Amino acid sequence: MDQFLIEGGRPLSGSVGISGAKNAALPAMAAALLTSERVTLHNVPRVRDIGTLRSLLDELGVDSSVTHEDHGNRVEIEARQLLNPVAPYELVKQMRASVLVLGPLLARFGHARVSLPGGCAIGARPINLHLKGLEALGATITMDHGYVDARADGLKGTAFYFDTVSVTGTENLMMAATLAAGETVLENAACEPEVVDLGHLLQEMGAQIEGLGTGRITIRGVARLRGARHVIIPDRIEAGTFLAAAAITGGEVTLLNVEPKHLAAVVAKLAEVGVEIDSSAPPPPGARWGTLRTRNAGPLRAADVTTQEYPGFPTDMQAQYMALMTQAEGTAVITETIFENRFLHALELARLGADITVDGRRALVRGKTPLSGANVQASDLRASASLVLAGLAAQGETVVDRVYHIDRGYERIEEKLTKLGARIKRISEG
Ligand code: EPZ
């Protein structure tokens, strides 16, 4: 398993290009199952999870190709026919977002057999709302041998209320509803930019959708969808991670190819902490997206944060924020409201010298504590990012183990950080 070797204590400086959003590209690839025509996606990030989903499409008998472009990869998918409606355990256990094929397979082919994803490090991650919603659309759902077996002889529009806001739950049902007979209204739907981006792709494919970005999404079913070409939005979590990396090292960094609107909660919180972020910098001529410039205005000050659904402070930035708070003066209370076990990084940060007390859904970070390099182990995607950030601020050498977690959602992070002056290298272990 690969490791990162980090020599900390160097402020980052320079500019870094942000990749396309993994969590927008994954549902967009699943949406290609809704049509027999070609769907072309640009600005797809070069991360492991995209490869995993391509393997799953291959397993289903769906052709796809990847071509290197200036900004990310172009992925082309043509689901002309389906050889097999089964998403196997071996692939779903690697990436729970595989469950996103459930809705499209059911809507287009009337049958899907998807392994239950099982839990993961950050929580139980049930998919009960996905299944309840598909049943409300007329599917018959049974479980056997750890698989969800969903069948439908044509889906029928309905009104469905999400007991909990669910990002992929909203995505699954929105995709299924595009081919259901009649109108579907999703209440308490997710408003994340990735959900909106999927909705834009579906509209480009001919779907009738209103209310994207609000808690109430209305979908009027159509007989079929056509192919489309779509550019994936920038990854707001990768962008937030680099803002935190600049702040924790006391550096000055410019982020290119970002959508500042998607980062409002993160930018506001970092401003409260004493990080100056300028979104007025003009993007390079012809650029599709914006630019963010960041520098610390002075010593960092602790500030409390509570994770919430969009547009609140994202849970996917909580671990990175915790690392930053170890370098801020004062005590920060971090409250995690989305997942029940998303503080695993606290124990590893403590090994670097952080003073963190975890009590259920709340973590108390007392700063500023000097961090000294040590061996640490990544447990999940964003926890790994948090450990890399702490390693950049620690004196001496930090070894982060199991970096395959970070490769799932960050495109060549060690190369991007090296370009910004960090001393980080990948050690491949066999
Ligand atoms: C998406 O996961 C993201 N993944 C996650 O990003 C992100 O952390 C999460 O949304 C929250 O923003 C992708 O988009 C691929 P949820 P998802 O359904 O959809 C409960 C990363 O780092 N729930 O919004 O699985 C659930 O347990 C990943 O890139 C049910 O109870 O999250 C959680 O407590 C990590 N029943 C809450 O809702 C359900 O049927 C929110 O989960 C579904 C969810």
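See the structure shown above.
What counts as what
- Residues numbered from 1 in each chain as written.
- Predicted model: local features only at pLDDT ≥ 70, side-chain atom pairs only at ≥ 80, totals over all residues.
- Heavy atoms only, no water.
- Near = heavy atom within 4 Å.
- Polar contact = N/O pair within 3.5 Å; in protein donor to acceptor, adjacent residues only side chain to side chain.
- Helix = DSSP H or I, 4+ residues; strand = E, 2+ residues; numbered from the N terminus.
- Phe/Tyr/Trp six-rings, centres within 6.5 Å; stacked < 30°, edge-to-face > 60°.
- Buried < 20%, exposed > 50% of the residue type's maximum accessible area, 1.4 Å probe, protein only.
- Core = buried A, V, L, I, M, F, W, Y, C linked by side-chain atoms within 4.5 Å.
- Contact = heavy atoms within 4.5 Å.
- Axes fitted to C-alpha atoms, helices over the stretch in contact; angles between N-to-C directions.
- Parallel < 35°, antiparallel > 145°, perpendicular 65-115°, else oblique.
- Left-handed = near helix turned anticlockwise from the far one by under 90°.
- Pairing = 2+ DSSP bridges.

**A look at the site of the ligand**
Then step 1. The local shell around the ligand holds 21 residues, among which Asn128, Ser166, Thr168, Asp316 and Ile338 are the closest.
Then step 2. Contact distances for the ligand include 2.6 Å between an oxygen atom and a side-chain N or O atom of Asp316.
Then step 3. The contact in question runs from an oxygen atom of the ligand to an N or O atom on the backbone of Ile338, over 2.6 Å.
Then step 4. Counting residues per element, the ones that place at least two in the shell around the ligand are helix H1 (22-31), helix H5 (128-136), helix H6 (167-177) and helix H12 (381-393).

**Description of the environment of Lys269**
Then step 1. The topology assignment puts Lys269 in helix H9 (residues 264-273).
Then step 2. Lys269 sits 35 residues away from Asp304 along the chain, and the two C-alpha atoms are 8.8 Å apart.

**Thoughts on the packing of aromatic side chains**
Then step 1. The full count for this structure, using the stated rule, is two aromatic pairs.
Then step 2. Both rings, one in Phe160 and one in Phe162, keep their centres 5.0 Å apart while their planes meet at 85°; by these two values the pair is edge-to-face.
Then step 3. Residue classification places Phe160 among the buried positions, given a relative accessible area of 7%.
Then step 4. Where Phe313 meets Tyr321, the ring centres are 5.5 Å apart and the plane angle is 65°; that geometry is what we call edge-to-face.

**Focus on the nonpolar core**
Then step 1. Ranked by size, the top nonpolar core spans 77 residues in total, and within it Met174 and Leu202 carry the most contacts.
Then step 2. Counting residues per element, this core draws most heavily on H1, which supplies seven residues.

**Side note on the side chain of Lys22**
Then step 1. On the secondary structure map, Lys22 appears in helix H1.
Then step 2. In this structure Lys22 comes out as buried when scored by relative accessible area, which is 7%.
Then step 3. Side-chain polar atoms of Lys22 contact the side chain of Asn23, separated by 2.9 Å.
Then step 4. With sequence-adjacent residues up to four places away left out, Lys22 is seen in contact with Pro45, Val47, Asp49, Asp235, Leu381, Arg382, Arg408 and Gly409.

**Remarks on the packing of helix H10 (residues 318-325) against helix H11 (residues 344-351)**
Each pair of packed helices can be described by the angle between their axes along with the distance between the axes.
Then step 1. Interaxial distance between H10 and H11 falls to 10 Å at its minimum, and their mutual angle equals 25°. By the angle between their directions, the pair H10 and H11 is classed as roughly parallel. Of the two possible hands of crossing, H10 and H11 adopt the one that is right-handed. Here Gln318, Ala319, Met322 and Ala323 of H10 come into contact with H11, specifically with His345, Ala346 and Leu349.

**Some words on the sheet that holds strand S4 (residues 63-68)**
Then step 1. The sheet built from four strands is open, its strands ordered S4-S5-S3-S14 with mixed pairing. Taken across any chain shown, the strands that pair with only one partner, and hence form the sheet edges, are S4 and strand S14 (228-231). Ignoring strand direction, the axes of neighbouring strands in this sheet form an average angle of 15°.
Then step 2. As judged from the four bridges shared by strand S3 (residues 39-44) and strand S5 (residues 73-78), these two strands associate in the antiparallel manner. Across the sheet, the residue bridging to Val44 is Asn73, located in S5.
Then step 3. Packed on one face of the sheet, H1 meets S3 and S5 and runs near 170° to S3.

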